[in-house]
Every structure is written in C-alpha cells, then in structure tokens.
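Coordinate inspection notes
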Amino acid sequence: MRENLFAGKNISVIKKAFREYYFNQSKAIEEPLKMEQREFGFAHFGQAGMLRHLSFKSMKELDAMLVREAPSDVYCSNAYYRIPTQQPMHEKQWLGADLIFDIDGKDLGMPCVPSHSYSVCINCGYASPPEKHKERSSYSCPSCGCKKADYVSIPCSKCIDGSKKEARRLVEFLLEDIGLEHSAIHVYFSGNNGFHVHINDDAFISLDPQARSDLVGYLSGTGLLLESIGLRKTNTEDLFSIKLPKSGLAFGWRRRIAEKLKIDMTSAIKLKNIVNQNGGYNAFKVELDRLARDMGVRIDPQVTTDVHRVFRMPGTLNSKSGLSKTKSSDLNSFDPFVDACLLGDGKVSVKVKTPVKLKLKRNSFNVSKESAEMPTYAAVYLMCKGLAEAN
Amino acid sequence: MAGSDLAKYPFLNEAGAYLRESNFGWEELDRPDMKHIIDRAAERIEIEVNGKIYDNLERYEIEILTFLISLVIVKSISIEQVLRKFALAEARRAEKFLTEDLRKQSEIKRRSVFTKIFEDLFKLRILVSEDQRLFKVRVIDYLARASHFNEQEWKLINRLVHNGYVYLDADETVRLIRNELAVLIYDKVRAMTLPTLPQGIKSRADELRLKFIPRYERRASAAVTDYPPCIKHALEVMNRGDNLPHSARVMLATYMLAIGKPVDEIVLMFENAPDFNEKITRYQVEHLAGMKGSHTKYSVPSCDKLRNENLCFATAECDTLINPIQFGRKKK
C-alpha cells in the first residue's frame with residue numbers, strides 16, 4: 001500500500017518540495033500536442049486511486065493546478081478525445097492515440113536487483129536492508145510479524161544501463177524496420193527505473209489495439225515462425241524441409257536471425273545441420289522462440305496496446321522517487337540521477353529506517369545513522385522509497 | 001478500363017456507369033430472354049453462399065448484369081449470413097482476378113491502373129519493390145489490415161519488413177484488401193433500396209430464401225470439455241496462493257464468464273490470491289461481465305494477446321486456435 005508511505009509529516013515535506021518544483025520549473029513540463037483533446041489524471045499523496053477524466057485548456061491552467069495541489073503523480077492520456085471529460089469512456093469519442101512504449105527496469109530480471117532491494121513492511125513500514133538469498137515468500141516483519149512487504153529498489157548503474165540498452169534497441173527497431181524518422185521518437189526517463197518512448201507521428205494514431213499488439217509482437221520477438229526463415233515441417237513428426245524465402249534474408253527479423261545463426265541464402269544445408277544439432281524441428285522451434293525473445297525489446301505490452309491509457313506526463317515528478325520524467329536526447333550521456341534529479345537543495349532532517357547508500361546529483365550518500373540531515377532531493381527520494389521519515 | 005475488367009470488378013463505380021450508358025432499365029428484366037441472366041445470378045449466389053467462387057467470365061456485359069441482379073436478390077433474401085457469405089465470396093472472386101492482373105509484370109501500365117484503383121478505393125498505396133519482383137506497402141497500412149487476420153504467418157514478425165515497408169507478393173498484397181472488398185460489397189447491398197421487383201427476380205429470391213432459412217437457424221451451442229492450458233496454468237498459480245498478474249486475472253474471469261460460470265463461482269476462484277478481497281473481486285468480475293461500470297462485456301483475450309503477455313502455455317491441441325474459448329469445444 002504505497003499510500004501508507006505518505007503519512008503525516010512525510011506528506012508535508014514531500015508536497016512542499018513538489019510544489020516548489022512546480023512553481024520554479026514550470027517550463028520543464030512539456031505541453032502535450034492538442035492539449036484540449038487529452039484526458040488528465042492525478043494521484044494525491046496518502047490517497048489511494050487516481051482522479052481521472054480531467055481536462056485543461058492551457059498549460060497556464062495546468063501549471064496553476066500543479067502548484068495549488070502538488071499532486072503525487074500527473075498523467076495525460078495518449079488518446080485524443082472529442083470530449084475528454086465525458087464518462088463512461090466510450091462517450092469521450094476517441095479520435096486516436098499516440099503510440100507509446102514502456103520499458104520498466106523491474107521487468108528486465110537484472111541479477112543485481114536483490115542486492116539493492118529493500119523490504120518495507122506494508123503494515124508498519126519497517127524497512128530491512130537487502131537480503132540477497134532470502135526468499136520473498138518467507139518474509140516476516142521483524143517489528144510486527146506481518147508476512148507481506150513492498151520491495152523497493154534503488155536502481156544501480158547496471159539497472160539503468162540495462163534499461164538504456166532496451167531503449168536503444170527499441171529505437172533501432174523503430175528506425176530501421178518500422179521506418180520512423182528520428183525526430184518522431186522521443187525517449188524519456190520514466191522518473192524511477194525505466195524509460196518511456198513516445199512516438200510523434202500522425203500515421204500511427206489511428207491504429208487499433210490489435211494492430212498495436214501485432215507491432216508489440218514484432219518488437220518483442222514474439223511468434224516468429226520457423227517458416228519465416230525457410231523451414232517447412234513435413235507431415236511426418238519432427239521432419240522438415242528447407243526452402244529459403246524467395247524474398248531473401250536481408251532485412252528485419254530474417255536478417256537478425258540469419259546473422260545470429262550465421263546463415264545466408266546459400267546456407268540451406270548449414271541451416272539443416274543447425275536444426276538437427278538442436279534436436280530437430282520441434283526443439284529448434286523452442287530455441288528460435290528463445291533467441292527471438294532475447295533479441296527483441298522488453299516492452300510492457302499492456303501499455304502499448306492500451307489506447308485509453310493515462311501515461312505519466314513528461315516533466316512531472318514521479319512519487320516513487322521524487323525524480324522527474326525527463327527527456328533524454330542522448331542516452332549515452334544521460335544520467336537519470338543527475339539529469340532527472342531536479343528538486344531543491346535545502347536541508348531536511350530525516351530518520352532513516354535502514355542503512356542505505358545512494359548517489360544523486362553526483363553526491364554520494366552513505367547513511368547508517370538513524371537521524372540525518374540531507375538535501376531535499378535526497379531526503380524526498382528516500383521518503384518516496386519508504387526508507388526514511390521526516391523528523 | 002475495358003469492359004472485361006468491369007466484369008472482373010463489377011463493384012467499381014465504372015461498372016454502374018457502363019450500365020447507365022447502355023440505357024439498361026429494370027423493366028427489361030421481365031422479358032423472357034432475360035430469364036437466363038436471372039438464373040445465372042441465382043446460380044452465382046448459391047455457388048458463393050456454399051463457399052465457392054463464381055468465376056464465369058464468358059460475356060462481360062452479362063456478367064456485369066448478373067452481379068447487379070445478384071445484389072438485388074441477396075438484398076431481397078434478407079438473411080444476414082447469406083449477405084456476409086456472398087460479400088466474402090465476391091471479394092475472393094475479385095481477389096483472384098486482381099492477383100492475376102498484378103502478376104502480369106510485363107504490363108506495367110495495366111498494373112499501375114489497378115494499384116491506382118485500390119489506392120482510391122481503400123487508401124492502400126501499393127508500390128513495386130526496388131528489384132521489381134515484389135510489392136511493398138507501408139508498415140502502418142499493413143498493420144491496420146493484417147493484424148486482424150488469424151493466421152500466424154500474417155503477424156508482422158513473420159514478414160519481410162524494412163525501412164517502413166512490408167514486402168509482399170501479388171497474392172499477399174491482394175489478400176490484404178479482401179476484407180475491405182467484402183465490406184464494400186456488403187455496404188453496397190445494405191445501402192440499396194429495392195425498387196418494386198420484376199416478378200422473375202422476386203420469385204427466384206423467395207425460392208432461395210426458403211432454401212437458406214433452415215441452414216441458418218440457430219446452431220446448437222457448444223459444450224466445454226476441458227480447460228485450455230493457459231487457464232489451467234492460471235488456476236494452478238491461483239490455487240498455490242501465488243500472485244497472478246492482473247492480465248491473467250482478466251483472462252481467467254472473462255474465460256469463466258464466457259463459458260457461463262456464475263459470478264459467485266468465479267469470485268471464489270480468486271479466494272487464494274494473496275490480496276483477495278471479496279467485495280473488490282466481485283465488483284471486478286461483474287464489471288467484466290458488463291453488469292457494472294461502462295456495461296461493456298469484455299471478451300476473452302485472444303491467443304495473440306496472451307502470447308505477447310507471456311500468458312500462453314500452448315500445447316499441440318492449441319495449434320489452430322485464435323482464442324482460448326475455442327479450446328476443447330465440440331458440437332453437441
């Protein structure tokens with residue numbers, strides 16, 4: 001229950017920092033295209049759920065609301081509607097939706113995660129340091145005995161590099177295969193542990209969920225048939241023949257697989273041997289599926305196929321970290337812990353629940369004492385993670 | 001466009017114009033020498049409703065007229081399934097001819113006439129590949145059409161894709177617009193207002209109607225004999241008390257609703273979930289059933305969608321399925 005993290009004094013400290021950000025950095029918030037056709041949504045500190053179906057005519061109106069309310073999270077629809085405030089959904093009159101992608105660091109299965117994941121009891125908020133080999137199912141809160149915990153991660157540089165690698169791969173697919181212009185692809189750090197990619201190309205806005213799902217399948221390497229690279233199954237169990245595709249192996253997935261298997265249009269016999277070495281048609285089918293998924297991009301299919309989603313708004317703060325959803329024009333040089341860490345430097349006194357290490361704005365914090373005074377951006381980060389409380 | 005082309009593609013506006021120019025009038029259909037055209041139209045409908053293609057092209061003037069009369073008869077039969085089958089078969093008929101026309105690589109000029117027609121009609125721009133051997137369409141145009149086809153080979157990942165284009169041969173290119181052709185013909189019939197029909201047409205329409213009615217009476221419902229592997233897997237996870245992702249819960253609930261399980265029973269299936277709350281679960285199941293909220297009844301996610309969400313645990317028995325709901329069903 002994340003809303004339990006935000007209680008009493010924590011809320012007032014975090015809200016103050018968020019409000020200050022929205023007051024000072026209103027230019028960092030990107031105006032969405034056709035703003036009047038978008039649905040907006042907000043979450044508030046300490047409150048479950050989201051307030052949706054809102055509409056703003058101008059950035060001025062939105063900025064004023066952000067400073068007044070200092071919401072925990074701000075969302076804007078990828079969809080365009082004739083009447084964005086109307087309910088139920090179908091009465092909004094859907095006009096189209098931007099194509100969006102979500103790469104979430106927690107879905108990448110990075111081996112380093114257990115070493116920087118803290119358990120926070122959902123009942124009393126007691127935080128325990130990372131325990132590499134402990135099973136989550138055996139969790140028991142040392143303070144209240146509760147069996148359930150939230151696991152919060154302070155992403156390390158390997159995690160961020162893992163997400164960047166996926167984002168780069170996605171951009172490559174979008175440019176080379178899907179034929180998008182570089183200028184239509186906008187990459188953002190999500191504000192916590194991943195990247196969002198927004199596509200600004202009118203041709204894609206009318207695509208229905210099924211078409212988006214097909215595109216997700218392509219990008220994530222799901223559903224590749226052996227026939228696509230020239231294998232034909234014969235009627236007899238596990239036997240096959242090879243007829244390399246007339247249209248060649250030079251592009252798209254065929255190229256990727258051909259390069260991986262080191263085959264070309266003259267390699268029918270070699271391909272046959274590869275299949276046999278892998279244990280025949282059926283076994284190779286499993287292997288090809290694994291290969292393709294490994295080479296594909298790990299995107300959240302739900303996000304891309306949802307044409308009514310409210311998605312975190314660029315330039316706004318993420319309540320899981322206090323970092324901002326920030327545009328990255330160059331993934332190589334982008335450092336989310338510097339470029340997206342935009343809260344103030346004023347001092348805040350906090351009680352840290354468990355020894356913790358982090359690096360923000362190029363400053364390292366290695367806090368082992370219970371009480372500590374630290375800059376707002378670091379204090380808010382730890383409070384948002386549930387690892388500290390305001391004194 | 002030549003008259004022979006109009007016989008192949010009689011749904012084009014040019015075919016109507018051709019008839020107008022020839023001063024054709026409805027009253028002529030009561031003439032005894034027109035009976036064979038009405039018979040031919042009836043034959044065309046019967047062949048096509050039975051799933052075959054009527055590919056007669058003997059005399060194009062007659063074929064254009066046959067098409068027009070068959071539209072009138074189908075409208076008069078007024079059975080939805082007959083109209084759908086007829087429209088699809090007519091689309092497949094045009095698809096066959098169009099494929100042949102596109103294959104004539106030596107006749108570049110003719111080929112460009114056809115690609116132009118389909119660009120005008122269906123907003124599908126068909127280009128010839130750099131080496132002249134294939135056609136190419138924009139990824140976006142491909143997705144908008146082929147993502148609704150069920151066969152795995154049509155998934156974008158199984159196509160040659162490069163630089164914003166999908167490369168296709170003539171058959172594949174034309175297959176892309178089959179559904180739109182069918183919709184065009186379907187809409188033509190739906191939009192027609194019937195004049196007082198000549199007796200010859202009316203009696204043939206009545207005959208066909210009586211013939212088709214028993215075929216399209218409500219079919220026996222199907223019984224579920226076994227759960228598909230994706231549902232079995234979700235139930236196993238749930239019964240172990242492990243956390244099942246939201247998308248898997250939606251799949252499980254919509255599946256159970258689709259096979260007619262009562263809401264009470266479905267709610268109890270989620271009892272072992274670590275975060276089980278009966279009130280919330282009931283609301284969510286009722287929401288999916290269309291009883292709450294937007295009153296939209298949610299259908300079971302397709303196998304494609306489940307594959308993308310890593311919720312598919314297909315076995316050999318799933319081979320031809322496109323939705324888990326088809327698994328283990330047999331006609332009573």
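Located above this text is the structure these notes cover.
Summarised in this report is the structure supplied together with it.

The rules we used
- Residues numbered from 1 in each chain as written.
- Chains lettered and ligands numbered in written order.
- Predicted model: local features only at pLDDT ≥ 70, side-chain atom pairs only at ≥ 80, totals over all residues.
- Heavy atoms only, no water.
- Core = buried A, V, L, I, M, F, W, Y, C linked by side-chain atoms within 4.5 Å.
- Buried < 20%, exposed > 50% of the residue type's maximum accessible area, 1.4 Å probe, protein only.
- Helix = DSSP H or I, 4+ residues; strand = E, 2+ residues; numbered from the N terminus.
- Contact = heavy atoms within 4.5 Å.
- Buried area = accessible area lost by both parts, 1.4 Å probe.
- Salt bridge = Lys/Arg side-chain N within 4 Å of Asp/Glu carboxyl O.
- Polar contact = N/O pair within 3.5 Å; in protein donor to acceptor, adjacent residues only side chain to side chain.

Looking at the nonpolar core
Of all hydrophobic cores here, the largest spans 172 residues; its most connected members are A:Phe101, A:Leu174, A:Leu360 and B:Leu156. For this core, the element with the most residues is helix α4 (residues 60-77) of chain B, which contributes 10 residues. Listed in part, the 27 residues of the second largest apolar core include B:Cys230, B:Ala234, B:Met238 and B:Ala273.

With respect to the interface of chain B and chain A
As a measure of interface size, the accessible area lost when the parts come together is often cited. Chain B puts 32 residues into the contact, and the matching count from chain A is 37 residues. Buried area between chain B and chain A, both sides added, is near 2,800 Å², and the carbon and sulfur share of it is 56%. Broken down residue by residue, the surface that chain B buries against chain A is led by B:Ile157, B:Leu160 and B:Asn308, which jointly contribute 25%. Remark: the boundary between chain B and chain A carries zero salt bridges. Put simply, chain B and chain A have 16 residue pairs in polar contact (both at pLDDT 80 or more) between them.

Considerations on the environment of B:Ile157
With respect to the element layout, B:Ile157 can be found in the loop between α7 (139-146) and β3 (160-162). With relative accessibility at 2%, the residue B:Ile157 sits in the buried group. The residues touching B:Ile157, leaving out its near neighbours within four places in the chain, are A:Gly217, A:Tyr218, A:Gly221, A:Thr222, A:Gly223, A:Leu224 and A:Trp253.

A few points about the pattern of salt bridges
Under the counting rule described, the total for this entry stands at 44 salt bridges over all chains. Residue A:Lys106 pairs with A:Asp104 through a salt bridge whose shortest N-O separation is 3.2 Å. Accessibility expressed as a relative area gives 62% for A:Lys106, which makes it exposed. B:Asp141 is the partner of B:Arg138 in a salt bridge, and the nearest nitrogen-oxygen pair spans 3.5 Å. When salt bridges that share partners are traced, they join B:Lys35, B:Asp39, B:Arg204 and B:Glu207 into one network.

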